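So you can see what is in the structure, the chains are spelled out below.
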Amino acid sequence: MSARDDILGRIDRIAPPRDAAGIAASYAAIDRSYLRRHHEDGILDLFAERVADYRAGVRRVTSGELPGAVAAALAARPGTHAVPGGLPAAWLADADPVLLTRDPAVADLDGLAGAVTGCAAAIAETGTIVLDHGPGQGPRALSLVPDYHLIVVTAEQVAADVPEALERLDPRRPLTFVSGPSATSDIELSRVEGVHGPRTLEVLLVS
Amino acid sequence: MPAFPEAARRAVADTRLRHNLAHATGTIRGRREAAVAELDDWQALREAGRQIKDHVLADLGHYLRLLEERVTEAGGTVHWARDAAEANRIVADLVKATGETEVVKVKSMATQEIGLNEALAEEGITAYETDLAELIVQLGHDRPSHILVPAIHRNRADIRDIFRREMPDAPAGLSDSPAELAEAARRHLRAKFLSAKVAVSGVNFAVADTGTLVVLESEGNGRMCLTLPETLISVMGVEKLVPSWRDLEVFLQTLPRSSTAERMNPYTSTWTGISPGDGPRDFHLVLLDNGRTATLADEVGRQALRCIRCSACLNVCPVYSRAGGHAYGSPYPGPIGAILSPQIRGIGSPVDASLPYASSLCGACFEACPVAIDIPEVLVHLRARAVESSRKHPMERAVMGIAGWTLRSPARLGMAQRAASASRWVVGRGGRIRRLPGPLKAWTDTRDAPAPPRESFRAWWARTDGGRNEEGGK
Ligand code: SF4
């Protein structure tokens, strides 16, 4: 007998299979009296505060201020920065084109100073930003290998809480939830930023 | 491998180990309490988590078939393994088929459980652990002692010595500052990440109706392994399922707060099969039984399969914080190890027969558990089984010696009493316990046991300022 049939056979003997309606009814009966959101107002302030709690840089800007803020952030870090296809051209209007490389090959990422991306959603309660690696976000390696990651988050992308954010995301896409820079507490529980991922995370919140 | 009492006696005599452990578990415990207190619906989240996991276990066959179908549709390949040897065989063959002799690994309890690194080594394949703590353990030719912080028993000086001795590219004059040590590890592993063709990971959650897999981590080594290599092989226990995407809303709230005491861990990656142009080209999922169906068959013990490996129960356990993780003789230490290991391995060996006694039954683990596993109930149940299987049991007295330490320490006793009051739900109307579990049942069959007080004396004293203010407050 194959391992598959063997294992499923054992399980079916212990927990005899129910019909689809029975399973659906049992699933629907799960008590979900937890809150769908923990906060009603001040979501953007809360998000900024919680991102800062992870020792990430966070700045609130208007859409008019955004190009200047992106340019200043990149200029402050010497080297070339990765820019994914689909990133709105206006965001980079003030940035020095010499500092940018578009859609670099994964093999070239290690030598770069940083990367600029957008995101798919954000969570105020936990200070989390979610990338679905669609247009303007690049493949997963782009936001991982360079030592610096600048993320632009727009106000309408910020959900109050985890349940609301998950509803907005498509699980068929690869997703990366980012909460602060790479960190470890493996040595005597002292927090050290950036073991393997970007050591510095900066967030520009546009509203 | 010595049985628990013997191993624990040795660990307790090691002052440095005890100091490292006490510091670490005490710190995490305090932070976790604060993180949990932030969510005023914590108990509701915990109850939902418990029910979701119980639902999956009740319909496990259905959900495993669904997962298999969805992962396959998304371009992955699903394998099934009855036991450790079969799982190791599958992984080794997959690695060999790529022509590679090295793999990078994300920290995973399942691959430790099956001894994958050792099995691969026998086939001439080198597995590199990439989590900092696992790297410390691997370079130190050591065993992990904690689910979440496997090198918790090592201090910074130990780690510096290990790196200087075992890491060929460690910088000359490496100091013991955590930042410098982490930097050395970063440099050491970067070349491996960028050249590795095959990665092996575990899985925190698998979403049955979308075929999505989820890994939570902090350092980014997980992201590196999950996305840079061409082939990804993930090994998961058959119980790691949730029915659908929305169920993650519960566990993404409870797992980080329970384990690292953070609102959210730095990185969570999800993937569904393969995504052309982004990440691995080839994805394999190995579904592992290895004693899980036997555990499912035990109606009291099966709740151990709800475990999401957060390690909260370790940090609150007076026995663990004293004896350390190695004493449990299994990849799963602490209270969860005491109930999971004897169930998945069977109670045949002296180590496994002794594990149900590795507890003072104070109840703190139950209170901390984000999926409400009643660990004391399962311990008592397994003790009954251990006693049945070996009439004379010298283990019990020795372990009670360790428990005695709990009862002598005022702080630990306070913790235990708070926990006992919190588990008053077993108490029937009229403040009597109607029925005790396991072998004590016979006693309560004919009489009621008095219930633990609603509030312990120590809690009452603290609340009322020694009785000066009965209403409480300061
Ligand atoms: S038993 Fe509960 S507290 Fe312990 S590791 Fe598992 S989920 Fe966490």
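Since the model is a prediction, treat every value here as computed from it, not as a measurement. (Residues numbered from 1 in each chain as written. Chains lettered and ligands numbered in written order. Predicted model: local features only at pLDDT ≥ 70, side-chain atom pairs only at ≥ 80, totals over all residues. Heavy atoms only, no water.)

Chemist: Where do I start with the overall build of chain A in this structure?
Modeler: Check the secondary structure of chain A and you find five helices and 12 strands. Scaling as 2.2 N^0.38, a compact globule of 207 residues should have a C-alpha radius of gyration of about 17 Å, whereas chain A reaches 21 Å, well beyond that. Sorting the 207 residues of chain A into buried and exposed places 57% on the buried side. Taking as baseline every contact in chain A between residues at least 6 positions apart, the subset at least 24 positions apart corresponds to 70%. Accessible surface, chain A as shown: approximately 8000 Å² in total, 52% of it carbon and sulfur. Here chain A carries 19 positive and 28 negative side-chain charges, and the mean point of each set is 5 Å from the other. (Helix = DSSP H or I, 4+ residues; strand = E, 2+ residues; numbered from the N terminus. Rg over C-alpha atoms; globule rule 2.2 N^0.38 Å. Buried < 20%, exposed > 50% of the residue type's maximum accessible area, 1.4 Å probe, protein only. Contact = heavy atoms within 4.5 Å. Areas by Shrake-Rupley, 256 points an atom, 1.4 Å probe, with all protein chains shown as cover. Lys, Arg positive; Asp, Glu negative; His and termini not counted. Charge placed at Lys NZ, Arg CZ, Asp CG, Glu CD.)

Chemist: Would you mind going over the confidence of the model for chain B with me for this structure?
Modeler: Detailed reading of the predicted model is not advised wherever pLDDT is low. Residue and element names in this part refer to chain B. Counting all residues, the mean pLDDT for chain B is 84, and 82% of those residues have values of 70 or more. Low pLDDT, under 50, characterises residues 397–403; the predicted model gives this stretch 11 contacts beyond four residues in sequence or across chains. Between residues 416–452, whose pLDDT stays under 50, and residues either more than four places distant or in other chains, the model counts 53 contacts. (pLDDT = per-residue confidence, 0-100.)

Chemist: Could you clarify how one ought to interpret the side chain of Gln253(B) in this entry?
Modeler: Note that Gln253(B) resides in helix 12 (residues 248–259). The exposure class assigned to Gln253(B) is buried, which follows from its relative accessible area of 3%. Ignoring any residue separated from it by four or fewer positions in sequence, one finds Gln253(B) in contact with His38(A), Asp161(A), Val162(A), Pro163(A), Leu39(B), Trp42(B) and Leu45(B).

Chemist: When you look at the pairing of strand 9 (residues 175–178) of chain A in this model, what are you seeing that I'm missing?
Modeler: Sheet faces and side chains relate simply in a regular strand, where the side chains alternate between the two faces. Residue and element names in this part refer to chain A. Alternating residues of strand 9 divide into Leu175 and Phe177 and Thr176 and Val178, and every residue in both groups is buried. Inspection of the sheet shows strand 6 (residues 128–131) paired to strand 9 by three bridges, in the antiparallel sense. What sits directly across from Val130, in strand 9, is Phe177. (Pairing = 2+ DSSP bridges.)

Chemist: Explain the sheet that holds strand 6 of chain A here, please?
Modeler: Within a sheet, adjacent strands bond to each other through the backbone by hydrogen bonds, running parallel or antiparallel. Strand order in this open sheet of eight strands is 8(A)-5(A)-6(A)-9(A)-9(B)-6(B)-5(B)-8(B), and the pairing throughout is mixed. The outermost strands of the open sheet, each flanked by one partner alone, are strand 8 (158–159) of chain A together with strand 8 (241–242) of chain B. As defined by bridge partners, strand 9 of chain A adjoins strand 9 (residues 267–272) of chain B across four bridges and the pair is classed as antiparallel. Bridge pairing in strand 9 of chain B links Thr176(A) to Ser269(B).

Chemist: Which parts of the structure should I look at to understand the nonpolar core?
Modeler: Soluble globular proteins: nonpolar side chains tend toward being buried together. Residues and elements named next belong to chain B. Ranked by size, the top nonpolar core spans 146 residues in total, and within it Phe163 and Leu241 carry the most contacts. The element best represented in this core is helix 3 (residues 42–58), accounting for seven residues. With residues near it in sequence (within four places) discarded, Leu241 still touches Lys53, Val56, Leu60, Tyr63, Leu64, Leu67, Ala206, Ala208 and Met236. Grouped together as the second largest cluster of nonpolar side chains are 21 residues, Ile90, Ala92, Val103 and Leu120 included. (Core = buried A, V, L, I, M, F, W, Y, C linked by side-chain atoms within 4.5 Å.)

Chemist: Help me out: how do you make sense of the site of the ligand in this one?
Modeler: All names here are of chain B. Around the ligand, the structure places Cys307, Ile308, Arg309, Cys310, Ser311, Cys313, Ile336, Cys369, Pro370, Val371, Ile373 and Ile375. Here the ligand occupies the largest cavity. Looking at side-chain class alone, the shell around the ligand contains 10 nonpolar, one polar and one charged residues. (Near = heavy atom within 4 Å. 1 Å grid on protein atoms, 1.4 Å probe; cavity = no way out; pocket = protein on both sides within 12 Å on 5 of 7 lines; lining within 4 Å. Sits in = over half its atoms within 2 Å of the grid points. Nonpolar A, V, L, I, M, F, W, Y, C, P; charged D, E, K, R; others polar.)

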